[in-house]
Structure formats: structure tokens, C-alpha cells
Amino acid sequence: MALNKKLAFFFLLPASAVYLLFFVLPAVWAIFIGFFDWSGFNNDMRFIGIDNYVQLIDDQVFIISLKNTLLILVIGAAIIFPLTFTLSSMINSGIRGKRLFRAMIFLPNVVATIALTTLWNFIYNTNFGLLRSFLQVLGLEKLSRTLWTAPENIFWAMLVGVIWINIGFQLILILAGMDKIPSEFFEAAKIEGAGQIKTFFLITLPLMWDVVTVSVVIWTISALKLFEFPFAFIGIYPPLQVHTLSIYLYIMGFGKRDPIYRLGYASAIGVILLLIVVITFLAIRRIMRREVYQY
Amino acid sequence: MKIKPLVIIILTALLFVTACTPAPAEQPANTSNQSETTVKEEKVEIVYWSVWTEPEPQAQVIAKWIEKFEAENPNITIKAVWNGRENQTKIRNAMTSGTTIDLMDLDADIVAGGLLMEGFGYPIDDLLTMTALDENVPLQDVFLPGMFDLHKVDGKVYLWPYVYNTIQFWYSGAAFDKAGVEKVPETWEEFIDAGLKLKEAGYDAIAMESTHVDFPMHFYTYLVERMKGTGFLLSAIEDKTGEMWRDPVFLEALKMERQMWETGIIPDEARGYVWPQGQQTLAVGQSAMELTGSWTPTELANSTPEDFGWGGFQFPAIEGGEGSINDLNAWLMSFMIMKDTKHPEQIKEFLRFIMTEENQKMMADEALVGVTRKNVDWSPVLADGQAAATNANEIFMHADGATAFHPEYYKNVLTFHHQPAFVGDISPEEFIENMVADSLKYWKTHDR
């Protein structure tokens, strides 16, 4: 037994070293350089204390990026989870082609993000886009002329694409959670006269609460660090309306088009993002803590 | 004493990490005092990191240049790394890990604001006075006007431009003919008139990439320049009180931009155009012209019909303005020798080599771009761009140099407020008040 424990240390060492090298140390280093004014071109790091963080408070672009990120998190969750549960219930209702539907809904998760953004750009194209043509066919001429990518609409247009991609992934998790609930519970509920809504809230949800918690955590982290879709959605340079914290961090630290190379400032944004993720994660764990039913 | 297992794991992992950390690379000595004999004989490898990706025609031409140069100089090998547009960021990251890079290229404004600003350029003033390889004149005399005026640092030249992109109105001759616009507009009034004629003929007069901040900024850059000459916009940007934004010219420029929307010569639906949707409307004959770079006709070459009739004209003059219609916004792709290279003289020989008429003609013909050498014909669709470059009274940078000298101000103040003002989400007066307030706030916490 003691030998097994000792062997375990040595087997854990390589993975621990990799984790330390590629995750922990860079995170600690990022926190460190957040206290410096540094371009990254040389070793000339000027200590400025908390000036980067003070500047963030007044930075309009940071505020907008933070607002966008939180909107994606909250509104995305408000749409994704009800939709996912609805789709899961429909798929689990005994329809034919369950696997086909599941595969179709999951498909966006296996396609490269750049391809998906190209697709959505085509859908929203104000001249010959799919959405415009579809609405015209339905006779909704006025709605078809909506400028989906105008400044007042572009965030919501982007959010639809993000939700569409993430529903598939969440669906797989929720379906797996539903599938593990023994059918006897549903049969018993049916015998007792419980309707679909009561069954969902009193049986399905409590019995798969652990899976729901995992889904919520995964969505939260994914939403807070969202980068690829909004970044690629608008081609060469994302407009302010689709900035997320990750996008702003990248622009400020890595010279995207404009030669802005403020690694210290970008690191400070990263630290704020890390804090938001940790606080949100702890809050979710606290809010969603409840008795786990064994069956 | 029992040492906790976790401590053992962490200590061992730290030891592993330390062992893996590379030693900092030795900074090579600057060996610029090389004799010509040494340049010709010494076997060297030059590492060149490029802004182009390998499939791009510009990269293929450069690869041919390298092949020819190596054939003529068998002691010199040039190893090209085709990085793409993130070249400067990749170079920064590589330098911190000790990678040696001898030569790089990029949009001149971007290099000026990055590597050059940080002191990584190698001065090449002596190269300007060296004799051209194919003509008995100093090298600087083979260049088009103004090529070395914009990006000097402390009076020294660091950038070697080789691709010339002009920012002009690029238009469909067929559309202009159909609308009865008989000559290209030379004044703002003529420009609005032409736009209205095009609109009446059923065209969207101007194609507009509204969601991309640089395209609206082309208008603002030119309008301010035409009214007050080069340097005025930059002065306002650098005014730490912000009060210079109250100069009437800045309000007037915004009002002139709004005039294009209010008269309908920029169609309302352009508010939602996502690049490259604007230029696509030009290609399919929906729009008639676009204020954009001379790369656009090349990009759209396969999308436009044969009778498209590409043409370019200068941004119109403004009556009473200090800027000339021949002042030109130029975007130059430039080489820069890296400061710590061991082979500056060999690289200078390469830069001298690429400026021969034959090599410049290769770039113009095969990559279909403008070049910086005089008397080398650009492709026929870019003829008006070449004329503008040849006759340029003065050339200036995008946003009067804001992207190079004050990139964070450009992003977080200037375009932050200009974009909503351009599309009409805030009034011109609000734009001015915002610029005054935010400039003051910006300069309290920034020194660049």
C-alpha cells in the first residue's frame, strides 16, 4: 500500500510539472506583470503598482467589454438551458431518429469556428443573406430589411450564433444526465397523475442536478472567456459592440492591427477575468448546492 | 520529519521547470564595419520574417527575389519565415525567447508604432546614398516622392518601402458613364453632385465598410487634411488639454461626413455592412465607388466584369483648404533591418537588389500591387494609383500618424467616438465634446 502511494507520486510528477509550467506559473507571472508597464519587446519593465487596475476602472472600452461578457453569460444561460431541456425532452420522448437529431444539433461543435462565422455572416448579409431571403419568402418584407449587423443589432446577432453553437454541447450533457435516470421514476410519476411540468421539476431536475451543475459551470467558464466567435464574426477587426474581455485583452497586449503592446495592462485584464471566473464559480457552487439523490 | 508528498511534487516540478528554461541568448555584436570583400565572401544566413503568407503573390515574388539574390551571392542564404499579418507580435514573442531575426517587413505605420518605437531598427541612411545596381544614381533617387519622409526617427531612416498602397476613391467607370458623371470630381461640391447623379441612376454611390473603424477614418483623415494640411489632426490628438478639438474644422469634417449619409449617397443599409460586404457591392455593380486602398481592385479582379472600367481619383479638394488635392494617404509595406543583426551589410545588398527595375517590375506584374520605384508601370487597373503616387505633393499616414504614434488613443478615444458619430448614433457636436473630455482624461494617464 505504502509502495503504491510512493509510485503514485512519481507517476503524478510529469503531469504536475506540465500543469505547473503551462498553467500555474504563467498565471502567477501574469498577476506579477499586471503591476508593471511593459511592452514585451525587451526586459524594460517599469513597476507602477496598481496603476493598471486603476486605469481599468475608467476605461470605457473595458467597461463595455465587461458588460458584453456578462450579457453573454446571463442572457446566453437564460436561453440555452430552457432550450436545451426542451430539446432533450423532445428527443427523449421516443421519437424516431433520436441519434440523427442529436448529431445535427451537436454538429456546430465539430466545425471550425471560422467556418461557422462565415456561415453566420452569409445568413445576416443585408443584400443577399439567407435570413433576408427567408423573411421575404414569408412575406415579412419590413423585417427582412432589418440591418442585423448594424451597431445597434450586431451584439445580439453575434449572441444568436454563440447560443446556436453551445446548445449542441449542453444538449449532450443534459441528455446524458436524463438518460441515467431510471425509467421507473417516470412511470411511477405517470401513474400518480403527474403532468410533464411537475415531472420535470420534481423528478427530472432533482435527479440530474449534479449534471445541471456541471453544465452551468462549463457554460459560465466558456461564456466568460469567449473569444473565437465574436473575434472572427466581423472579419478583420471586431467592432466595439462585440468586444469581450478576452478580445480586449488580446487587442491591448498583442498588437492586433494597431501596434498596442501593453502586456502589463493586458495581464491586469486577465487577472480581473480570472477573479470573475473564480467568484462566479464559487457563487454557482454555493447557489446550486443541494442534496444529491442516489439511485 | 515526514515531508508532505505535495511538497515533494512541487519541488520536483520546479526542478524540472528550471532545467527546461533556456539560457538567454547572447546578444550578437554589431559588426557593421564590414569590408565589401567580407560581404562577398563570408558565408552567412539571414533570417527574414515576413508579413506575407506563403501562398500570397507578394510572398512568391519575394521568394523569387531571394532565389535570384542567392544565385548571385552564393555565400548568402536567406531563410524566409512566412508569418502573415501578426508578424510583429510573433517577432516580439520570438525575441523574448532568444530567436535571432535579421530582417522583417510589415505595414510601415505598424512597424513605426512597434519595433521601431522600441528601438529595434537598424539605421540605413547610408543605403540611400549607395548607387543603384541598375542605374548610376543614388538609391534614394529611384524611389517615388516622399518614400522616406514619414517614418524617420531622430532624423534617421530605418524603413525600406517596397509596396505602395494608395488610399483613393476607386470607382466603376461603367457606373460613372451610365450616371452621366463625365469627369472625376475634384472639389467636394463636385463629389456630392457626382454622388447624387449616381444615386439617381440607381446606384449606391459609395460602398462603405461601416463596421470597420479604419474605413470611416479614411474620410476623416482626408477631410481634416484637405482643410488644414498634414499634421493638424495629429496636433489635436497630441494636445493634452483636448481643447484643440474645438477648432471648427473638426466639427465641419464630421458634418461633411454626415452629409454623405443625409443625401443618401452612402445608403442607410451600409450601417450594417461587415467587411468585405461593402466592396462586394462594388464588385456586383450595386455601388459605384469606395474610398479604400489600391489593394481593392486587385482583390476584386476576379469578381468584377470585364467592362467594369476600374479607375481611381484623388480625394477632392476643399475650397479654401490648406491641403492640396495631390496630397496622398499612402500605406507602405516596408522592410526593416533588425538592430542586433550580425549581417547588416549583406542585408543592405539584398535591399539594394530588390530595388532594380527588373525586380520591382516583377512585384508590380505578378503581385498586381503598386511599387515604390519610379518609372515601373503598375498593373493597368492601378494606373490612377501610380499617377497619384508619382504626382504626390505630400504623402501622409492614416489618421495623420495616430496608428503609429498613439495607437491606444486611436482605438480607445478617436475611433471610439468617431465610429458612432460617422454612422449618426451621436451628433457631430456630441463627438466634439466627447473628444475634448476624453482627450484630457487620456493624457492624464498616458504618455503615448
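As a reminder, the structure under discussion sits directly above these lines.
Residues numbered from 1 in each chain as written. Chains lettered and ligands numbered in written order. Predicted model: local features only at pLDDT ≥ 70, side-chain atom pairs only at ≥ 80, totals over all residues. Heavy atoms only, no water.

Undergrad: Looking at this structure, I do not really get the overall build of chain A. What am I missing?
TA: Counting its regular elements, chain A contains 14 helices and 2 strands. By its C-alpha atoms, chain A is 75 × 75 × 30 Å across when sized along the principal axes. Counting across all 295 residues of chain A, residues that qualify as buried make up 43%. Within chain A, residue pairs in contact and separated by at least 24 positions form 65% of the contacts whose partners lie at least 6 positions apart. For chain A, the exposed area adds up to about 15,800 Å²; of that, 71% sits on carbon and sulfur atoms. Here chain A contributes 22 positive and 15 negative side-chain charges, whose respective centroids are spaced 6 Å apart. (Helix = DSSP H or I, 4+ residues; strand = E, 2+ residues; numbered from the N terminus. Buried < 20%, exposed > 50% of the residue type's maximum accessible area, 1.4 Å probe, protein only. Contact = heavy atoms within 4.5 Å. Areas by Shrake-Rupley, 256 points an atom, 1.4 Å probe, with all protein chains shown as cover. Lys, Arg positive; Asp, Glu negative; His and termini not counted. Charge placed at Lys NZ, Arg CZ, Asp CG, Glu CD.)

Undergrad: Could you clarify how one ought to interpret the overall build of chain B in this entry?
TA: Regarding its fold elements, chain B presents 19 helices and 10 strands. Reported as C-alpha extents along the three principal axes, the dimensions of chain B are approximately 80 × 70 × 40 Å. When each of the 448 residues of chain B is scored for burial, the buried share is 58%. Pairs at least 24 residues apart make up 77% of the contacts formed inside chain B by residues separated by at least 6 positions.

Undergrad: Just checking my understanding: could you explain the side chain of B:Arg258 for this structure?
TA: If you trace the backbone, B:Arg258 turns up in helix 11 (residues 248-262). Buried B:Arg258, no salt bridge; nearest opposite-charge side chain is B:Glu262, N-O distance 4.1 Å. (Salt bridge = Lys/Arg side-chain N within 4 Å of Asp/Glu carboxyl O.)

Undergrad: Looking at this structure, how should I read the pairing of strand 2 (residues 76-82) of chain B?
TA: Where a strand is regular, its side chains alternate between the two sheet faces. Residue and element names in this part refer to chain B. Alignment of strand 1 (residues 44-50) against strand 2, held across 7 bridges, turns out to be parallel. Within the sheet, the bridge partner assigned to Val47 lies in strand 2 and is Lys79. Where the polypeptide runs from strand 1 across helix 3 (residues 57-72) and back to strand 2, its parallel neighbour, the crossover connection is right-handed. (Pairing = 2+ DSSP bridges. Right-handed = clockwise from strand over helix to strand, strands pointing away.)

Undergrad: How should empty space enclosed by the protein be read in this particular structure?
TA: Gaps left between atoms are located by rolling a probe of water-molecule size over the structure's atoms. All names here are of chain B. Tallied over the full model, the rule gives 2 cavities of 30 Å³ or more. There is about 50 Å³ of room inside the largest cavity. Around the largest cavity sit Met147, Phe148, His151, Lys152, Val157, Tyr158, Leu159, Pro161 and Ser334, which together line it. The residue inventory of the lining of the largest cavity, partitioned by class, reads 6 nonpolar, 2 polar and 1 charged. Taken as a whole, the second largest cavity holds about 40 Å³ of empty space. (1 Å grid on protein atoms, 1.4 Å probe; cavity = no way out; pocket = protein on both sides within 12 Å on 5 of 7 lines; lining within 4 Å. Points joined across faces, edges and corners; volume = space filled by probe spheres on them. Nonpolar A, V, L, I, M, F, W, Y, C, P; charged D, E, K, R; others polar.)

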